[in-house]
Every structure is written in structure tokens, then in C-alpha cells.
Amino acid sequence: MKNNLLVIFALLSVGLWACGGNEKKAETTIKTPQKTVAKVNPGKSVYRKAACGSCHGTDGKKGMYQASDLSTTTMTMEERTEIIANGKGNMNAFKDVLSPKEISQVAQYIDQLKEK
Ligand code: HEC
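This structure is a prediction, so every number in the text was calculated from the model and none was measured.

1. Some words on the overall build of the protein
Helix and strand counts for the protein come out as five helices and zero strands. A total of 116 residues make up the protein; the buried ones form 14% of that total. Considering only contacts in the protein between residues 6 or more positions apart, those separated by 24 or more positions represent 53%.

2. With respect to the site of the ligand
The local shell around the ligand holds 24 residues, among which Cys 52, Cys 55, Thr 73, Gly 89 and Met 91 are the closest. Of all elements in the fold, only α3 (53-56), α4 (77-86) and α5 (100-115) reach the threshold of two or more residues within the shell around the ligand.

3. With respect to unusual backbone geometry
Even without being glycine, Ala 51 reaches a positive phi, approximately 55 degrees. Within the secondary structure, Ala 51 is located in the loop between α2 (22-49) and α3. One non-glycine residue with positive phi stands out, namely Tyr 65, at about 55 degrees.

4. So, the nonpolar core
By size, the foremost hydrophobic cluster in this structure holds 11 residues: Val 46, Tyr 47, Cys 52, Leu 70, Ile 84, Ile 103, Val 106, Ala 107, Tyr 109, Ile 110 and Leu 113. Elements with a minimum of two residues in this core: α2 and α5. Examining the composition of this core, we find that six residues originate from one element, α5, more than from any other. With near-sequence residues (within four places) excluded, Val 106 lies in contact with Gly 43, Val 46, Tyr 47, Ala 50, Cys 52 and Ile 84.

5. Description of the environment of Asn 86
Take Asn 86: it is sitting in helix α4. As a C-alpha pair, Asn 86 and Asp 96 span 10 residues in sequence and 9.3 Å in three-dimensional space. The contact partners of Asn 86, leaving out residues within four places of it in the chain, are Ala 93 and Lys 95.

The rules behind the values
- Each chain has its residues counted from 1, running along the sequence as written.
- The model is predicted, so local features are restricted to residues of pLDDT at least 70 and side-chain atom pairs to those at 80 or more, both for listing and for counting; the totals for chains, interfaces and linings are taken over all residues.
- Counting from the N terminus, the helices are DSSP H or I runs at least four residues long and the strands are E runs at least two residues long.
- Counting other C-beta atoms within 10 Å of its own, a residue is labelled buried from 20 upward, exposed at 12 or fewer, and partly exposed in the gap between, with every C-beta atom placed from the backbone.
- Contact between two residues is assigned when their C-beta atoms, built from the backbone, lie within 7 Å.
- Throughout this description, a residue near a molecule or strand is one whose C-beta atom, derived from the backbone, lies within 6 Å of it.
- Connectivity within a nonpolar core runs through C-beta atoms within 7 Å, and the core itself is a set of buried Ala, Val, Leu, Ile, Met, Phe, Trp, Tyr and Cys residues.

Scope: geometric values only; no functional claims are made or implied.
Set out below in C-alpha cells:
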């Protein structure tokens, strides 16, 4: 009984919202893909700016100075963030070069290298 009431209420609110909000809804649908692109690209520019590619290559597979293949890395976001910030082996630390936000963006960008 309680559930039925909830469903009716939900349907009512959707109905009300749909009548008044059609224009707004169309706007948000158009905006969403652009937001996704804006979110995806910063990591790529950080990757270029910090010249990660000089060792890892634009596709992550170059392996210069024994650099790990980023397209096959199994590291979690935390582990990547840690290595990018503090460096490891032949890889220098980036915490003085990149902001924490940029480090997290470029750590996320590695996921795109993995998809290819
Ligand atoms: C000077 C060459 C060099 C540069 C520049 C460089 N790396 Fe590395 N990177 C390495 C090497 C070498 C390793 C392997 C470290 C080890 O395990 O000893 C590595 C490892 C990593 C790893 C760990 C991956 C794994 O699975 O082991 C990540 C993530 C990473 N690099 C990301 C980046 C990012 C992002 C940048 C740019 C901000 C960058 N690297 C710039 C040389 C470099």
C-alpha cells in the first residue's frame, strides 16, 4: 500500500514536471555531451603539457627508459596518482609541476589509453 502511494506520487511529479519543463529538458540534453568532452580533454592536454609521451608515447606504449605500458596498466586511480605525484624509478615526480587537479585528470586520461 505504501509502495502504491509512492508510485502514484512519482508519476504525478513526472507529469507535472513534463508539462512545465519541456524547454529546459531539451537544453540539458544538448549540453550533456559537451560537458563530457570538456571533462575528457583536460587530461589529454596535461599529458601533452607534462610530456608524459616523451617516455610513454602518445599511445602509452613507447616504453622509453623502461617506462611502463600505460595502455595495459592494471593500476588503480590511487596508485597512478601516487606515482605521477611522487615518481618511481626512472620516472620523475610531477607534484611540483602539476596541480593535484591536473594529476587526477591525467591519471583518468590513462583510462582512455587503455581503451585503444
Ligand atoms: C622520464 C620518463 C617518464 C616520464 C616523462 C613519465 N613517465 Fe611515467 N613512468 C616512467 C617509468 C620509467 C615508469 C616505470 C616506473 C617503475 O615501475 O620503476 C613509469 C610508470 C608510470 C605509471 C605506472 C604504470 C604501471 O602500471 O606501472 C604511470 C601511471 C605513469 N608512469 C604515468 C605517467 C604520466 C601521467 C606522466 C606525465 C605526467 C608520466 N608518467 C611521465 C617514465 C616516465
